[in-house]
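# A look at the structure
Each chain, letter by letter, is given below.
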Amino acid sequence: MTIRTREWPVPDVPDAGRMESWLRSPDVVRPDGAVTSWSNPAHPGYPYPEAAGLWLSWACRPGGPRPDALADAVAARLCADCPRVPGGAGRDGIAYLFDSAVALAGLLAYRDAGGRVDVIPAVSGLHAFVAERIRRREASVPAAAGRWSVEFSPHLFKVAKAILAFDRASGTRLADDLLPGLSAAWPGAWPRRIYVHAHCYAVEGLLLMRAAGRGDGLPDPDAEVARLARWQRADGAMPSHAAGDEPAGEARCDATAQAVRLWCRADLDRFAAPIRRALSFLASCQSGPGGIAWAPDDGEAADVNAWTTLFAVQAV
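One structure accompanies this document, and this report is about it. (Residues numbered from 1 in each chain as written. Predicted model: local features only at pLDDT ≥ 70, side-chain atom pairs only at ≥ 80, totals over all residues. Heavy atoms only, no water.)

## Brief notes about unusual backbone geometry
This is how it is decided: The way it works is that DSSP assigns letters per residue, a run of H or I at least four long becomes a helix, a run of E at least two long becomes a strand, and they are numbered from the N terminus. Throughout this description, buried means an accessible area under 20% of the type-specific maximum (1.4 Å probe, protein chains only), exposed means over 50%, and partly exposed covers the range between.
For the peptide bond that leads from valine 141 to proline 142, omega is -5°, which places it in the cis range. Take proline 142: it is sitting in the loop between β6 (140–141) and α6 (160–170). We note that aspartate 92 has phi near 55°; this positive angle belongs to a residue other than glycine. The topology assignment puts aspartate 92 in the loop between β4 (90–91) and β5 (94–96). On the accessibility criterion, aspartate 92 (68% relative accessible area) is exposed.

## As for the sheet that holds β4
The strands that make up a sheet are held in pairs by hydrogen bonds between backbone atoms, and each pair lies either parallel or antiparallel. Let me state the cut-off plainly: The pairing criterion is simple: DSSP has to find at least two bridges between the two strands. Here, two residues are considered to be in contact whenever any of their heavy atoms come within 4.5 Å of each other. The convention used is that axes are lines fitted to C-alpha atoms, helices contributing only their stretch in contact, and that angles between N-to-C directions extend from 0 to 180 degrees.
Taking strand neighbours across the sheet as the criterion, the 3 strands line up as β4-β5-β6 in an open arrangement whose pairing is antiparallel. Each edge of the sheet is formed by a strand with only one pairing partner; in this case those strands are β4 and β6. Relative to β5, β4 runs antiparallel, the two sharing 2 bridges. Looking at the pairing, arginine 91 lines up with isoleucine 94 of β5. Set on the sheet, helix α4 (residues 97–112) makes contact with β4 and β5; between it and β5 the angle comes to about 65°.

## Some details on helix α2 (residues 49–59)
With respect to burial, α2 is a largely interior element, 11 of its 11 residues being buried. If you check which residues of α2 are buried, you get Pro49, Glu50, Ala51, Ala52, Gly53, Leu54, Trp55, Leu56, Ser57, Trp58 and Ala59.

## Notes on the state of the cysteines
Heads up, the condition is: Note on terminology: pairs of cysteine sulfur atoms within 2.5 Å are recorded as disulfides.
Enumeration over the complete set of coordinates arrives at 0 disulfides. With no disulfide of its own, cysteine 200 has cysteine 264 as its nearest cysteine by sulfur position, at a separation of 13 Å.

## As for the sheet that holds strand β3 (residues 38–39)
Taken in spatial order, the 3 strands make up an open sheet running β3-β13-β12, and their pairing is antiparallel. Taken across any chain shown, the strands that pair with only one partner, and hence form the sheet edges, are β3 and β12 (292–293). Sheet topology note: the β12/strand β13 (residues 304–305) ladder contains 2 bridges and is antiparallel. Looking across to β13, one finds that alanine 293 is bridged to valine 304.

## Things to note about the nonpolar core
Proteins that are soluble and globular tend to have nonpolar side chains buried together. Where we set the bar: The set of buried Ala, Val, Leu, Ile, Met, Phe, Trp, Tyr and Cys residues whose side-chain atoms join them within 4.5 Å is what this entry labels a nonpolar core.
Core analysis: the largest hydrophobic core is formed by 102 residues, its most contacted members being Trp55, Leu56, Leu107, Leu156, Val159, Ile163 and Trp263. Excluding residues within four positions of it along the chain, isoleucine 163 makes contact with Val130, Ile134, Ala175, Leu178, Leu179 and Leu182.

## Description of the side chain of glutamine 258
Where we set the bar: By the criterion applied in these results, polar contacts are pairs of N or O atoms within 3.5 Å in which, for protein atoms, one can donate a hydrogen and the other can accept it, and in which residues neighboring in sequence qualify only through two side-chain atoms.
Note that glutamine 258 resides in helix α10 (residues 253–267). Among the residues examined, glutamine 258 registers a relative accessible area of 1% and is labelled buried. Only 2.6 Å separates the side chain of glutamine 258 from the side chain of histidine 197, close enough to count as a polar contact. Apart from the residues within four sequence positions on either side, glutamine 258 is in contact with His197, Cys200, Tyr201 and Phe311.

## A look at α6
Buried residues of α6: Ala160, Ala162, Ile163, Leu164, Ala165, Phe166 and Asp167, and no others. Where α6 is buried, its residues touch α4, α5 (120–136), α7 (175–182) and α8 (196–211). Positive backbone phi, at 75°, marks glycine 171, one or two positions downstream of α6.

## Remarks on the pattern of salt bridges
Heads up, the rule is: For salt bridges, the criterion is a side-chain nitrogen of Lys or Arg within 4 Å of an Asp or Glu carboxyl oxygen.
Within the structure shown, the criterion is met by 19 salt bridges. Between aspartate 68 and arginine 24 there is a salt bridge, with the nearest N and O atoms lying 2.2 Å from each other. Pair noted here: aspartate 68 is in the loop between α2 and α3 (69–81) and arginine 24 is in the loop between α1 (16–23) and β3, with a separation of 44 residues, a long-range link. Residue classification places aspartate 68 among the partly exposed residues on the basis of a relative accessible area of 28%. Via salt bridges that share partners, Asp32, Arg77 and Asp81 belong to a single interconnected network.

Here it is in structure tokens:
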């Protein structure tokens, strides 16, 4: 498959049609509307509200088709799942600020696209949860420790997408109150070892906030996008971690697809070479059914990952 963007070709890319078919298959969306984390008979995935939010944002993207019965089922299940944890979206009895914002953005995309399920009660509850957590600077309820996802850290800049979308849908200006609170998530000094997947979320949020005219006093997203290119491995993949300007970890497909989206948004021509290398790497990681593994295939035990494939189809 060859695609052409502007004036330059990309000879090796993941097959978008196969990715889309897999994302709509029972491997990903269960009959009850639950979106699973990954597909792997030897290592079954779990229903994942964050993945459902990402799935709805993709399936109900502007200019896309009107939500169908499958999108209705995903939206209905996501609305039902959110109250099962303390006020927001999450899993294992923990509600996360990040997951709740991703679910909120997905439900708003579904509503804007003309979905038939009434999502307003869930939208209102999720926004209230997100707002309260930002004001309290809490990434999860109950508080947890030990993982990047429970820290009030830079990945939370992506929450800006849901806040801005809520204001557009409701006619409010709550972003004026909430977005400054996210600045507390940005560290004064970088840790010696950065988790690249989470950092890509942070850079996405910086780009969104700048585009909305709310980037004053925040780090320069262009500098962070350029730093991602310096982290790219020789095989085209993004590493799991980075230290300074050096990659410091194994290849990760989710971060690679995220980086492509960011390079395209920032400057398609400047980052043409990293984009080509990354798409070629992702093409090498596409499974037979069409999904993209979380990491390069290590045999039949590899997890074919829902969020990685969602990022990859958007990258293509």
